[in-house]
Amino acid sequence: MTHVEDELTSQPECWTRVATEAARHSGALPAAGERVAIVGCGTSYFMAQSAAALREGAGQGETDAFTASEFPYGRSYDRVVALTRSGTTTEVLSLLGQLKDRTRTTALTADPRTPVMAAADDVVVLDFADERSVVQTRFATTALTLLRAHLGLHTDQVVTDARTALVTPLPEGLVECTQFTFLGRGWTVGLANEAGLKMREASLAWTEAYPAMEYRHGPISITTHGTATWMLGEAPEGLAEQVRETGGLWVPGTLDPLAELVRAQRLAVAVAAARGLDPDQPRHLTRSVILARP
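Residues numbered from 1 in each chain as written. Predicted model: local features only at pLDDT ≥ 70, side-chain atom pairs only at ≥ 80, totals over all residues. Heavy atoms only, no water.

### Section: the overall build of the protein chain
Phase 1: When helices and strands are counted, the protein chain shows ten helices and nine strands.
Phase 2: Taken over the C-alpha trace, the protein chain has a radius of gyration of 19 Å; the compact-globule value for 294 residues is 19 Å, and the two agree within 12%.
Phase 3: Expressed as a percentage of its 294 residues, the buried residues of the protein chain come to 56%.
Phase 4: Across the protein chain, contacts joining residues at least 24 apart in sequence account for 71% of those joining residues at least 6 apart.
Phase 5: Taken as a whole, the protein chain presents about 12400 Å² of accessible surface, with 50% of it coming from carbon and sulfur. (Helix = DSSP H or I, 4+ residues; strand = E, 2+ residues; numbered from the N terminus. Rg over C-alpha atoms; globule rule 2.2 N^0.38 Å. Buried < 20%, exposed > 50% of the residue type's maximum accessible area, 1.4 Å probe, protein only. Contact = heavy atoms within 4.5 Å. Areas by Shrake-Rupley, 256 points an atom, 1.4 Å probe, with all protein chains shown as cover.)

### Here's the deal with empty space enclosed by the protein
The gaps of empty space that remain are located by a probe, the size of a water molecule, rolled over the atoms.
Phase 1: Under the counting rule described, the total for this entry stands at one cavity of 30 Å³ or more.
Phase 2: Those elements that place two or more of their residues in the lining of the largest cavity are β1 (36-40), α3 (43-57) and α6 (138-150).
Phase 3: A class-by-class count of the residues in the lining of the largest cavity yields six nonpolar, one polar and one charged. (1 Å grid on protein atoms, 1.4 Å probe; cavity = no way out; pocket = protein on both sides within 12 Å on 5 of 7 lines; lining within 4 Å. Points joined across faces, edges and corners; volume = space filled by probe spheres on them. Nonpolar A, V, L, I, M, F, W, Y, C, P; charged D, E, K, R; others polar.)

### Some words on the side chain of S86
Phase 1: Relative to the assigned elements, S86 resides in the loop between β3 (79-84) and α4 (90-99).
Phase 2: For S86, the side chain forms a polar contact with the side chain of T88, separated by 3.0 Å. (Polar contact = N/O pair within 3.5 Å; in protein donor to acceptor, adjacent residues only side chain to side chain.)

None of this, on its own, says anything about what the molecule does.
Written out as structure tokens, the structure reads:
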């Protein structure tokens with residue numbers, strides 16, 4: 001078993017643990033009414049997109065999501081939350097440094113022995129969800145589960161669905177598809193983006209991701225026999241029928257969307273295996289992006 005397989009199968013246990021610890025971390029997480037920005041890079045940015053949509057949708061306050069390198073320093077926030085598994089990513093550390101003594105910052109990280117511990121005002125360490133794999137799975141979803149639990153949006157059913165996602169066979173013919181499109185709505189747009197990234201990282205697959213309604217505005221033109229369209233969450237009315245009419249494979253989201261992401265992670269590993277690739281050795285990637293100083 002690869003590291004990424006081992007780690008993705010441990011997600012139900014990680015989610016259960018972090019949900020029970022959410023109250024202990026409440027002082028470090030955004031309070032209701034605060035104006036918040038959530039930042040990250042790569043997978044962490046997509047989790048930030050989902051968390052921001054969930055928080056604002058729950059009426060907790062205006063919440064934006066940015067890649068750390070594109071943060072709008074001209075805007076005012078009560079708190080900036082940074083997601084960083086490694087605690088060493090250059091763009092995140094640079095952002096936290098520039099916000100020091102200007103804006104309250106919180107970092108969610110997996111490694112307490114890294115520079116982010118001193119760079120942020122508050123730190124939540126999820127070391128039990130750390131990973132050996134370059135390709136992120138459990139840390140990202142555990143961080144998002146913490147934020148869902150903090151908002152009162154996590155339930156035991158999410159964990160049950162994740163266990164189902166780990167044992168239910170993937171749809172017939174899915175692994176053999178040549179192109180994959182992931183769709184989301186609201187907070188699941190970030191999950192769709194992350195599903196696409198997992199496929200590219202682990203299996204070098206041609207993948208795209210869109211808000212579900214935007215898929216009708218052009219991208220559906222690539223859908224045909226041998227392609228797959230996967231909906232994370234509830235689909236817009238009529239979209240499944242439109243995809244099936246093209247000859248493409250429609251994959252409905254039947255579980256909690258975060259559990260659907262677990263299924264997509266499994267697909268990435270399965271496609272990698274079918275193509276003779278090692279998902280623990282993704283091409284051109286490292287665990288953390290550390291840029292040399294000019």
